[in-house]
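Now for the letters of each chain:
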Amino acid sequence: MKQQINNQPSLLPYNKVVKDAYFQILKEAKAMLATIEHDELRYSLVREERKLTASNMVIHEFINPLLYLRLECSADNQFVIHYGFEQIGKDEQLSNRTSLFTRSVYRLTSKELTQINIEASVSNSWCITECSALYEYTEEQMKYHQFQLIKYKPAAVRRKQMKAVA
């Protein structure tokens, strides 16, 4: 039988702010990925856990060939955000997107933006730099994750160009 993790009352406000920041980062990441035309770069694998246990500390995980984002509960019951991005060689458009993602992680967890200082919630203990390999491995295993395709939405500039042609 799995043992339920007890949330310390003093950590509840901190964890709520971390969780809110995480889901805002995820929302912005998905919006950014939606502007990519190629379907294979909009595929994602999502893991959502309803109950935390001593053996399972993952709350939410998002794996995409370009981006990685994970919300977990540390051993001391604090929520932690892990992130990663595919290292892009010569494709400037994709490189700009991964840079935008990284900046959003730090912007949305900055003490200037949150009512409680959660800057320490972004963990650098490890960083995924080969998201495409992690995506492929996880897709083969498909033990905890659900497949999702982010719907394509052309960027505002692109939509204006398409309307002008029509």
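Figured I'd write up the structure that's included with this text. Note that the structure is a prediction, hence the values are computed from the model and not measured. (Residues numbered from 1 in each chain as written. Predicted model: local features only at pLDDT ≥ 70, side-chain atom pairs only at ≥ 80, totals over all residues. Heavy atoms only, no water.)

## Thoughts on the packing of helix 1 (residues 12-33) against helix 2 (residues 92-108)
Note the threshold: Each axis is a line fitted through C-alpha atoms, and for a helix only the stretch in contact is used; angles between axes span 0 to 180 degrees, taken between their N-to-C directions. For the purposes of this entry, the term helix denotes a DSSP run of H or I that reaches at least four residues, the term strand denotes a run of E that reaches at least two, and both are numbered from the N terminus. Roughly parallel covers angles under 35 degrees, roughly antiparallel covers those over 145, roughly perpendicular covers 65 to 115, and oblique covers all other angles. By definition, any crossing whose near helix is turned counterclockwise from its far helix by less than a right angle is left-handed, and any crossing with a clockwise turn is right-handed. Working rule for contacts: check all heavy atoms of both residues, and any pair within 4.5 Å makes them a contact. Note on residue categories: nonpolar means Ala, Val, Leu, Ile, Met, Phe, Trp, Tyr, Cys or Pro, charged means Asp, Glu, Lys or Arg, and polar means any other residue, Gly included.
It is the contact of helix 1 with helix 2, at a shortest axis distance of 9 Å, that shows an interaxial angle of 160°. Taken together, the axes of helix 1 and helix 2 lie roughly antiparallel to each other. The two elements helix 1 and helix 2 meet at a crossing, and its hand is right-handed. Between helix 1, through A21, Q24, I25, E28, A29 and M32, and helix 2, the contact on the second element is made entirely by R97, L100, F101, S104, V105, R107 and L108. For the contact of helix 1 with helix 2, the residue count by class is eight nonpolar, two polar and three charged.

## Here we look at the nonpolar core
Note the threshold: We call a set of buried residues a nonpolar core when its members are Ala, Val, Leu, Ile, Met, Phe, Trp, Tyr or Cys and they connect through side-chain atoms within 4.5 Å of each other. Each residue is assigned to one of three classes by its accessible area relative to the maximum for its type, calculated with a 1.4 Å probe on protein chains only: buried under 20%, partly exposed between the two thresholds, exposed over 50%.
L33, F62, L69 and F101 are the most contacted members of the largest nonpolar core, which has 32 residues in total. Those elements that provide at least two residues to this core are helix 1, strand 2 (58-63), strand 3 (67-73), strand 4 (79-85) and helix 2. The element contributing the most residues to this core is helix 1, with 10 residues. Discounting chain neighbours no more than four positions away, the residues touching L69 are Y22, I25, L26, H60, E61, F62, I81, H82, Y83 and F101. Counting residues in each nonpolar core, the second largest holds six residues, with Y68, I128, C131 and Y135 among its members.

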